[in-house]
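Residues per chain, in single letters:
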Amino acid sequence: DAGVIQSPRHEVTEMGQEVTLRCKPISGHDYLFWYRQTMMRGLELLIYFNNNVPIDDSGMPEDRFSAKMPNASFSTLKIQPSEPRDSAVYFCASGIEQFFGPGTRLTVL
Amino acid sequence: RKEVEQDPGPFNVPEGATVAFNCTYSNSASQSFFWYRQDCRKEPKLLMSVYSSGNEDGRFTAQLNRASQYISLLIRDSKLSDSATYLCVVIRSHSGNTPLVFGKGTRLSVIA
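Peer 1: Would you mind showing me how to read the overall build of chain A here?
Peer 2: Broken down by element type, chain A carries zero helices and 11 strands. Ordered by position in the sequence, the α and β elements of chain A form the string β-β-β-β-β-β-β-β-β-β-β. A compact globule built from 109 residues would reach a C-alpha radius of gyration of about 13 Å, and chain A, at 13 Å, matches this within 12%. Once the C-alpha set of chain A is aligned to its principal axes, its extents read approximately 40 × 25 × 25 Å. Residues classed as buried in chain A amount to 46% of the 109 residues present. For chain A, restricting intrachain contacts to residue pairs at least 6 apart in sequence, the fraction spanning at least 24 positions comes to 52%. Counting only carbon and sulfur atoms, one obtains 51% of the accessible surface of chain A, whose full area is about 5,400 Å². Of the charged side chains in chain A, 10 are positive and 13 negative; the average position of the first set lies 4 Å away from that of the second.

Structure, rendered in structure tokens:
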């Protein structure tokens, strides 16, 4: 099992650009979580899905953030337009047991 | 008061020492508890679950105190490789709200 796969691993972009982060969860897991981690705020839950359905997106900071899970093997987190304060490491985690992917380190200049 | 609080540390301890961390939670309806370990620039990984009866895995012991609303992690005979940040996770009751909350973590540095 390859575990949770995230891409890209690193992303550097300019303010105002659209950013799309991708996650492939572990096969058979019903839950998928998106997190953001910064030094100041720690690990924050943004949104989670159960059986591809978004259950709680109250952690999404604002309308610039959106997430989709079109099928059980793929999810995206999109930021449009991106801002420097969005710079962070974004993790997705698979299953209620929280198997984390390696994360995407996002830098918005 | 934050829902889940941890002493950020750092805890600097010599090899072989015993070290303990606490994590307090404010929601008395919290159901499940876990400890995660996060190495520098890596993802968090599940270390162990926390049960009311306590949970021991080798040098690691996790305990839950519901009356005082905290969980603890004890590391005996600490190794250099134990240096990491330890995050506690509290699972809320499944009431439709965000199901879990991570603490900000406690940083441990084991020194030779």
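Peer 1: Looking at this structure, how should I read the side chain of S82 of chain A?
Peer 2: All names here are of chain A. Positionally, S82 belongs in the loop between β8 (74–79) and β9 (88–94). Judged by its relative accessible area of 1%, S82 falls in the buried class. At 3.5 Å, the side chain of S82 forms a polar contact with the backbone oxygen of E14. In this structure the side chain of S82 is engaged in a polar contact, spanning 2.7 Å, whose partner is the backbone oxygen of Q17. Look past the residues within four positions of S82 in its chain and what remains in contact with it is T13, E14, M15, G16, Q17, V19, R64 and V108.

Peer 1: What am I meant to see in the sheet that holds strand β7 (residues 65–71) of chain A here?
Peer 2: The strands that make up a sheet pair up through hydrogen bonds in the backbone, lying either parallel or antiparallel. All names here are of chain A. One open sheet accounts for four strands, arranged β1-β3-β8-β7; its pairing is antiparallel. The two strands at the open ends of the sheet, each matched to only one other strand, are β1 (5–7) and β7. Neighbour-to-neighbour, the strand axes of this sheet turn through a mean angle of 15 degrees, independent of strand direction. For β7 and β8, the ladder comprises five bridges, and the chain directions are antiparallel. The residue of β8 that forms the bridge with S66 is K78.

Peer 1: Before we go on, may I ask you to explain the packing of aromatic side chains in this structure?
Peer 2: Aromatic rings considered in pairs are described by the distance between their centres and by the relative angle of their planes. This structure, assessed with the given rule, holds 13 aromatic pairs over all chains. Here Y35 of chain A and F100 of chain A contribute two aromatic rings whose centre-to-centre distance is 5.2 Å and whose plane-to-plane angle is 35 degrees, an arrangement assigned as tilted. In this pair, Y35 of chain A sits in strand β4 (residues 31–38) while F100 of chain A sits in strand β10 (residues 99–100), placing the two residues 65 residues apart along the sequence. The residues Y35 of chain A and F100 of chain A share a single accessibility class, namely buried. Measuring from ring centre to ring centre gives 5.2 Å for F11 of chain B and F21 of chain B, while their planes differ by 85 degrees; the resulting arrangement is edge-to-face. Note that F11 of chain B is positioned in strand β2 (residues 11–14) and F21 of chain B in strand β3 (residues 19–25), a separation of 10 residues in sequence. Judged by relative accessible area, F11 of chain B falls into the partly exposed class, the value being 23%.

Peer 1: For this particular structure, what's the right way to read unusual backbone geometry?
Peer 2: Glycine aside, residues mostly have negative phi, and peptide bonds are mostly found in the trans state. Looking along the chain, the bond that leaves S7 of chain A and enters P8 of chain A is cis, with omega of -10 degrees. As for its placement among the helices and strands, P8 of chain A is situated in the loop between β1 and β2 (10–13). Between Q80 of chain A and the following residue, P81 of chain A, the backbone shows a cis peptide bond with an omega angle of -5 degrees. In the Ramachandran plot, Q98 of chain A falls in the positive-phi region, its phi being about 65 degrees despite a non-glycine side chain. Mapped onto the fold, Q98 of chain A is located in the loop between β9 and β10. Take Q98 of chain A: its relative accessible area is 3%, and that puts it in the buried class. One non-glycine residue, Q69 of chain B, lies in positive phi territory at about 55 degrees. Owing to a relative accessible area of 18%, Q69 of chain B belongs among the buried residues under this scheme.

What counts as what
Residues numbered from 1 in each chain as written. Chains lettered and ligands numbered in written order. Predicted model: local features only at pLDDT ≥ 70, side-chain atom pairs only at ≥ 80, totals over all residues. Heavy atoms only, no water. Helix = DSSP H or I, 4+ residues; strand = E, 2+ residues; numbered from the N terminus. Rg over C-alpha atoms; globule rule 2.2 N^0.38 Å. Buried < 20%, exposed > 50% of the residue type's maximum accessible area, 1.4 Å probe, protein only. Contact = heavy atoms within 4.5 Å. Areas by Shrake-Rupley, 256 points an atom, 1.4 Å probe, with all protein chains shown as cover. Lys, Arg positive; Asp, Glu negative; His and termini not counted. Charge placed at Lys NZ, Arg CZ, Asp CG, Glu CD. Polar contact = N/O pair within 3.5 Å; in protein donor to acceptor, adjacent residues only side chain to side chain. Pairing = 2+ DSSP bridges. Axes fitted to C-alpha atoms, helices over the stretch in contact; angles between N-to-C directions. Phe/Tyr/Trp six-rings, centres within 6.5 Å; stacked < 30°, edge-to-face > 60°.

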